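# Coordinate inspection notes
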Amino acid sequence: MAAGRAASIMNREAPRSCRSQRDQRWATNTKKGATMTTNTGMKNADGFSEDERAAIKERAAELKKQASHGRGNKAATEELDVLSKIADMAAPDRAVAERIHAIVTTRAPELSPKLWYGQPAYARKGKVVCFFRSGHADKERYSTFGFTTEAHLDADSGLWPTSYAVTELSAEAEAAIAALVEKSVP
């Protein structure tokens, strides 16, 4: 037993030249501010890209703001936050988001608007059912209208879409979104 304890003490106190190469590489790679490149681009030592870190900070600010709303006018305040976010969007995304907001709020009045990761979403009992993601904000060529697992869109075939690319809303697209929103809320 004493020999084992002595060996562990010796390993901790071993001079740098006696450490394994793997330990030296690990110490070098884990220095504060180290960066690595992966398929998703430049990442910081904590593993998040700058865009991901911005989204995390925005979500934390949303949660802090929600906690400060209190119980009184929470729904009204959250809807104002959503409308404000839509108003701040680039013109093409704003037009689509305004129309989707109108469709969701008229076809499923039980869903309440709220911000979710900085983008408009619609929730039932606090859980997001559907959401809109601005393509401009995500640096994509299209926006996304999607559903979470809270939506009841399950198909008998075992396969169903959960998000849709949106560049503009034709009458046909509006009808499809309206039908999906109605189906998502039993």
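Quick caveat: nothing in here was measured; it's all calculated off a predicted structure.

### Description of the pattern of salt bridges
Scanning all chains against the criterion turns up five salt bridges. For Glu-174, the salt bridge identified is with Arg-99, shortest N-O distance 3.2 Å. Of this pair, Glu-174 sits in helix H6 (residues 171-184) while Arg-99 sits in helix H5 (residues 91-107), and the two are 75 residues apart along the sequence. A salt bridge links Asp-138 to Arg-133, with the nearest nitrogen and oxygen atoms 2.6 Å apart.

### What about the sheet that holds strand E3 (residues 112-116)?
Strand order in the open sheet made by the five strands is E3-E4-E5-E6-E7, with antiparallel pairing throughout. The two strands at the open ends of the sheet, each matched to only one other strand, are E3 and strand E7 (163-166). Adjacent strand axes in the sheet meet at a mean angle of 25° when their direction is disregarded. The pairing of E3 with strand E4 (residues 119-124) spans five bridges and is classified as antiparallel. What sits directly across from Ser-112, in E4, is Ala-123. Across the face of the sheet, H5 comes into contact with E3, E4, strand E5 (127-133), strand E6 (143-147) and E7 while running at roughly 150° to E5.

### Looking at the environment of Ala-60
If you trace the backbone, Ala-60 turns up in helix H3 (residues 50-69). We classify Ala-60 as partly exposed; its relative accessible area is 44%. Separated by 58 residues in the primary sequence, Ala-60 and Gly-118 have C-alpha atoms spaced 9.8 Å apart.

### Brief notes about the nonpolar core
One finds Ile-100, Val-104, Leu-111, Cys-130, Phe-145, Phe-147 and Ile-177 to be the most contacted residues of the largest nonpolar core, which totals 26 residues. Contributing elements (two or more residues each) for this core: helix H4 (74-87), H5, E5, E6 and H6. Once residues lying within four places of it in the same chain are set aside, the contact partners of Ile-177 are Ile-100, Ile-103, Phe-145 and Leu-169.

### Some remarks on the layout of surface pockets
The method is simple in principle: a probe with the dimensions of a water molecule rolls over the atoms, and the space it marks as empty is what remains. Roughly 340 Å³ of internal volume is contained in the largest pocket. Lining the largest pocket we find 13 residues, and of these Asp-51, Ala-55, Arg-133, Ala-137 and Asp-138 sit closest to its centre. With six residues, H3 is the largest single contributor of residues to the lining of the largest pocket. Tallied by class, residues from the lining of the largest pocket come to five nonpolar, two polar and six charged.

### Here we look at the packing of H4 against H5
Across the interface, H4 lies against H5 with an axial gap of 9 Å and an inter-helix angle of 150°. Comparing their axes, H5 and H4 come out roughly antiparallel. From H4, Glu-79, Val-82, Leu-83, Ile-86 and Ala-87 reach across to H5, where they touch Arg-94, Ala-97, Glu-98 and His-101. By residue class, the composition of the contact of H4 with H5 is five nonpolar, one polar and three charged.

So, how was this worked out
Numbers given for residues are sequential positions, taken from 1 along each chain in its written order. Whole-chain, interface and lining totals are the exception, using all residues; otherwise, since this is a predicted model, local features are given only for residues with pLDDT of at least 70 and side-chain atom pairs are given and counted only at 80 or more. Based on all heavy atoms of the structure, the side-chain values leave hydrogens and waters out of the count. Any Lys or Arg side-chain nitrogen located within 4 Å of an Asp or Glu carboxyl oxygen qualifies as a salt bridge. Under the scheme used here, helices are H or I runs from DSSP no shorter than 4 residues and strands are E runs no shorter than 2 residues, and both carry numbers assigned from the N terminus. In this scheme, strands are said to pair when DSSP sees at least two bridges between them. Axis definition: a line fit to C-alpha positions, over the contact stretch in the case of helices; interaxial angles, taken between N-to-C directions, run 0 to 180 degrees. Any two residues having at least one pair of non-hydrogen atoms within 4.5 Å are treated as being in contact. Residue exposure (1.4 Å probe, protein chains only): buried if accessible area is under 20% of the type maximum, exposed if over 50%, otherwise partly exposed. Residues belong to one nonpolar core when they are buried, are Ala, Val, Leu, Ile, Met, Phe, Trp, Tyr or Cys, and are joined through side-chain atoms within 4.5 Å. Of the two site types, the cavity is a set of points on a 1 Å grid over the protein atoms alone where a 1.4 Å probe fits but cannot get out, and the pocket is an open set with protein on both sides within 12 Å along at least five of seven lines, each lined by residues with an atom within 4 Å of a point. Grid points are joined across faces, edges and corners, and a volume is the space filled by probe spheres set on the points. Residues are grouped as follows: Ala, Val, Leu, Ile, Met, Phe, Trp, Tyr, Cys and Pro are nonpolar; Asp, Glu, Lys and Arg are charged; every other residue, Gly included, is polar. Roughly parallel refers to an angle under 35 degrees, roughly antiparallel to one over 145, roughly perpendicular to one between 65 and 115, and oblique to any angle outside these ranges.

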